[in-house]
Each structure stands twice: as C-alpha cells, then as structure tokens.
Amino acid sequence: MKSNSVSATRHSRTTHLALVFVGVCALVFASAPLWAGANILRLLTDFFLYLSLACLWNFLVGYAGLVSIGQQAFVGLGAYGLFTLSRYTGLNPLVSVLIASVVVAALSIPFAALLFRLKGAYFAISSWVLAEVLRLTAQFIPQIGGSSGMSLPIEAARALGAQPAVRFTTIYLAAFIALLMILSGIYFTLQSRTGLALTAIRDNELAARSNGVNANRTKLIVYVLTAFGTAATGGLIFLQRLRVTPDSAFSISDWTALVIFMVVIGGVGTFEGPIIGAVLFFLLRGTLADFGPFYMISLGAVAILIMIYNPRGLWGHVRDRWHLQLLPLNFRILSKQDS
Amino acid sequence: MVWLNTVIQGTMLGGLYAMFAIGLSLIFGVMKLVNIAHGDLIVLSAYLALVITQTMGVDPFVSLLIVVPIIATVGYLLQRGLFNRTLGDDLLPPILVSFGLSIIIQNGVLVAFSGDDRRLQAGPLEVASLRIGDTVAIGLLPLLQFVIAVAVIVVLHLLIRRTKTGRGLRAVSDDQAMAQVMGFNNRHMYGVAMALSLGITAVAGVLIAIRGNFDPSAGPARLIYGFEAVIIGGVGNIWGTLLGGIVLGVVQAIGGAIDPRFQILAGHLVFLLVLALRPSGLFGVKA
C-alpha cells in the first residue's frame, strides 16, 4: 500500500524494552526481603524515599514550572502528622502516614493561594519562608515536643513488627509501594489531559491560556499532588528514624538541596532524569559523603556547570543525542511505511 | 516607654535589612535576576572583614574600605562569568545556579573558618548610647548604622537618577534591545548592577556583624529578611523598600520583646500577612 498517511504514537521498540526492564526491576525489588540482608534493605529504603522526593520535585519544577525550594515543608508536615497521630490516636503508623498525607494535601491548597501570588524566583523564596514558618512554629508547640521534638511511641513501632528485622521489611515494602504509586501517579498525570495542559503551558503559557487551558488550576493540581506524595514520603522517612525534631523535619539541605542536585544532574523536566540522578547519587554517596563540605561544594559546582552548559542534565543530553525515549510519554510521528 | 525603645531598636535594625533588600531589588529591577546566594555573599563579606580586622588590626568601619571594593568586584565577575550565561526565558537556570553558588559559599566558608560563631569588635562604640529624657536611650552604634543605611540608599537613588551609569541602568531595565541599539553594553551594565548590589550589601553585612553573631549558615536568613523587606515595601520602590525594611525590623523587635523565640517568626508572619492582604506591598503601586 502506497499511502503517505502518517500516525503518531508514543510507543517504539525502545519503550517496549524499557517497560520489560521496569517490570524486571519491580520484581527484583519486590522480592528483596527474601534475598537481601538488613543493610541492603535499609540502603534500598533510603534510595526509594530519596528517589520519590526527586521525582516529585521534578514533577513540580520540571513540568509545572513551580520552582520551589521549600518542599521540606511537606516532608516535615508529613513526619509531624505521623508522630502526632501515633501519639494521640494509637492508629497503625502506615494508616497515620496516609491520613497525614491527605490532611497535608488539603493544607497545601491555602498555601498555594498565598504562594501563587508570586512568580518565578520570588515564589521560590516565599516557599522557603513558608517552610521556615512551619519549622519555627513547631518549636513553639509543647504538645508535639517543642524544639526537642518527639519520639515514635513504642506501641506504634511494634505495630509494624515485633522484631527490628520485621519492622525494616515492613518499612521497606511501604517505601517501595509508595515509590511505585508516586511514579505511576506522575506517569499517568503526564499522559492525561493535565499532562497535555502542562506541556502546552511549558511551551507557551500565553498561547495555552488563550486556547482555554486553565494554567493556575493545572499548576494547583500538580502542587497538591506533589504535597500529598512529599508528605507521605516524609512520613515514611521519619517512620524509619523513629524520632523527629523541627530542625531535622524541616531541613532544607536534607530534603531539598540534595534532591535538587539529584534532579539537576540527572535531567530536570525529563521523567527518567531524577531516576538517573538518584542512582548516581547513591552509587557515589558511599565513597564521597565522607568528604563532607567538599562533597557539597562539588555537587554545587556540578549543578552550576550542568545548568550553564546542558540545562536538561545527563538524561536530556542522552535523549537529544540519540533520540531515545524509554517511557512512552512523548508522541513521535511515523509514516505508515515505517511501521 | 519600653515599647518606644523597642520600636527605635527595630527601626535601626530595619535600616540594615533595607540595605539587604535594596541589593536584591536593584538586580531584579535591572535584569530580573534573583540571587539566592545574596545572603551567603553578605556573610562572606563579614568573614572578609573579620580577616582584615584581625590581620591588619583595623576597626571594622575602616575594613569597609577594603571589603566593599573586593565584594563589588566579585559581584561584577560573577555576573559576567556566571549569571549572564543564565539569563533568558527559562527561569530555572538563574535560580538553580545561584542556589548552587549559595551551597558552595556556605560550605567553603565552613571549611575555611569552621562553624563557630563569630563577631566583629568595634570597641567602646558598641556600648555608647545617646540618652533622650529619662527612659529612652539610643545606642550610638545602631544609630550610626541607621544613618549609614539611609545615606547609602540616598546615594544609590542619586546615582540612578543623576549619573550616566544610572541612565544606563534605567535604560537596560526598561528595554534591553533598545538600550543595546543606543550603545549600552548590556552585559557590562548587568555586571555594574551586580557590583552595586553586592557593594551595598557588603556594607550591611559588615555592619550587622558588629551587632550580632554570624556563622557559615547565617546567609539564608539574611536573604529572607531582604526578600521580605522587598515584598512588604512593594517591588520596585526604593523608598518603599526602606520602609519595608523598617517595618520588618520593628515587627521583629516587638516579637522578640514578647518572647525571644518569637522574633524571627513574627517577621515571617507579617510578610505572609502582607502577601495575603496586599500582595503589591504596603507602599507599592497597585498593579
């Protein structure tokens, strides 16, 4: 048939292979409690939680253009939500994490009403101020331990497993399931109507608005979803630590700076970028983290170089160079003869 | 009368915040750049003054003669070498580059000077005060700092309104392409704006280091106070920014008088309140 008709598809052989690879990884990680020791489980738990934060930050910044340096606000709220519910209600901690995340997502709507009044870098700094307000406020409330913080009640920890090993496995599986839900949540949002609206806004906000895209509402959806996921991740991070203080829960360097570096190095605004960044970060962490301040200095320098010479990061570079795309997110045009 | 003292103290402190803020709003006005490392560069100036006062045995006020030119030059070079490459339609690179710079400076200072609290010593001036009546006393040092702050802002205002450089800055700020057609070198003008911005904040950075302790992690708070003063006063209004700084300083002083832990939080809350009720700022022109 000699028709010149063309079609658009998101799939290619690479995306099929990548999906198989994702499936294999999921099986390997899901079965990890059967084959991995406690140390590996803890490392993987850390990895999953950081990866979740990185993907969420990228979703907010890379896709919705809401450059926040205050995501520690939601980590901290999720953590405090878990500890407060555990102390005062005796619910299972995983249920508490879920309830806390819903509450934080609801809280993020008035936050957005306030912060969306400022644009660009001013939004960034005010998101940071908001996180500082929460940190300073937590220091004031004696019911949640003031500036010395609070510990998870023993009964709450026991609810996850009587032995520490069982507890680690439970938290590991919870972190893994949370990551899967966050990744698929972002993935399906990007494929949905909201995802199309985001692409339109990113390419030209004015044109998108004049074509009937409600830019503020679209950004609000992303902001609230990100708040929900970040709070859940924050709850799980501190469930593993068993203790929370205002300074550790609302820490910009732990929950935002490192996350920014991962995403920027991997590739901001690409789905795969934060994953690559987080993998690299965890591979290097064992060897480089001992250098303390020098480690942070070199991360900062690498991030600056990437932003100047290659703003789409490692993955953006690979993708543009070889026209690769692992996940079926962007449409590509095929003529019928090709397929 | 205790309250009058508190308000006066806050006003004096607010002058310094206004200087942080003027530096921020100057570069935002000229090239729409927000420098996240602003606060860390303020702290860097304080460490520079510390080295100079210790090695040369001079007074912190004298050290300004060396600190300000150095930091202004650093600003010019940073703008030409780094920030000029990030300017464009994408708002991400300038924010993330200055964020990276902020982390580098914080950790660099930590390596060089350790995390200990430092302070600049200004001798007998620190405790001298001016008595007005029986109950009101104004510290000579805060008063001097406030006068310097207002003087610096007046000089900046005159520089922007009356000189050729100021005309260039205004031209570049109004219309980049047209300014270039008229023979201004935009990249150079951006460098000049950053040099002025950091020169002014270096003065404030050294002055505030005589008044209270600083450590490598003090930068972000300085950035936030400057930013809050800009928003409270209203973006793009030099006198509004001065008043915004004073409002912030007074609110912090009153908060601190109620409960020392409440000082910083009170300032943040007033900032959020202004954002909620009057996003164009208290003294800004309504958009």
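Here is what the cut-offs are and how they apply
- Residues numbered from 1 in each chain as written.
- Chains lettered and ligands numbered in written order.
- Predicted model: local features only at pLDDT ≥ 70, side-chain atom pairs only at ≥ 80, totals over all residues.
- UniProt positions renumbered as here; feature names shortened; annotations may be inferred.
- Helix = DSSP H or I, 4+ residues; strand = E, 2+ residues; numbered from the N terminus.
- Contact = placed C-beta atoms within 7 Å.
- Nonpolar A, V, L, I, M, F, W, Y, C, P; charged D, E, K, R; others polar.
- Expected span 1.5 Å × (residues − 1).
- Buried ≥ 20, exposed ≤ 12 C-beta atoms within 10 Å, placed from the backbone.
- pLDDT = per-residue confidence, 0-100.
- Axes fitted to C-alpha atoms, helices over the stretch in contact; angles between N-to-C directions.
- Parallel < 35°, antiparallel > 145°, perpendicular 65-115°, else oblique.
- Left-handed = near helix turned anticlockwise from the far one by under 90°.

## A closer look at the UniProt feature "transmembrane region" (unreviewed entry) in chain B
Mapped onto this numbering, the UniProt entry gives "transmembrane region" (unreviewed entry) at residues 12–30, 37–55, 61–79, 91–115, 135–160, 190–210, 230–251 and 263–285 of chain B. Counted over residues 190–210 of chain B, helix gives 100% and strand 0%. Its end C-alpha atoms are 31 Å apart.

## Considerations on the interface of chain B and chain A
Taken together, the contact between chain B and chain A spans 31 residues of the former and 32 residues of the latter. Counting only elements with at least two residues in the side of chain B that touches chain A, the list comes to α4 (92–113), α9 (219–233) and α11 (262–277) of chain B. With 14 residues, α4 of chain B is the single largest residue contributor to the side of chain B that touches chain A. Looking at the side of chain B that touches chain A residue by residue, the classes come out as 23 nonpolar, five polar and three charged.

## Side note on helix α4 (residues 72–89) of chain A
Residues and elements named next belong to chain A. For α4, which comprises 18 residues, the first-to-last C-alpha distance of 25 Å matches the rise-based estimate of 26 Å (1.5 Å per residue) to within 8%. Counting buried positions along α4 gives 14 out of 18 residues, so the element sits mostly inside the fold. Directly beyond the C-terminal end of α4, a positive phi value near 70° is found at glycine 90.

## Some thoughts on the confidence of the model for chain B
All names here are of chain B. Per-chain confidence: chain B averages 91 in pLDDT, with 99% of residues scoring 70 or above. Mean pLDDT across the elements of chain B bottoms out in strand β1 (residues 129–132) (82) and peaks in helix α3 (residues 60–81) (96). The ipTM, which scores confidence in the relative placement of chains, is 0.91 for this predicted complex, and the corresponding pTM is 0.92.

## A closer look at the packing of helix α10 (residues 238–258) of chain B against α11 of chain B
A packed helix pair is summarised by two numbers, namely the angle formed by the two axes and the spacing between the axes. All names here are of chain B. Axis separation between α10 and α11 bottoms out at 7 Å; the angle between their running directions is 140°. Classified by the angle their axes make, α10 and α11 are oblique. Seen from above, α10 lies across α11 with right-handed handedness. Along the contact surface, α10 presents Leu248, Val251, Gln252, Ile254, Gly255, Gly256 and Ile258, while α11 presents Phe262, Gln263, Ile264, Leu265, Ala266, Gly267 and Val270. For the contact of α10 with α11, the per-class residue count stands at nine nonpolar, five polar and no charged.

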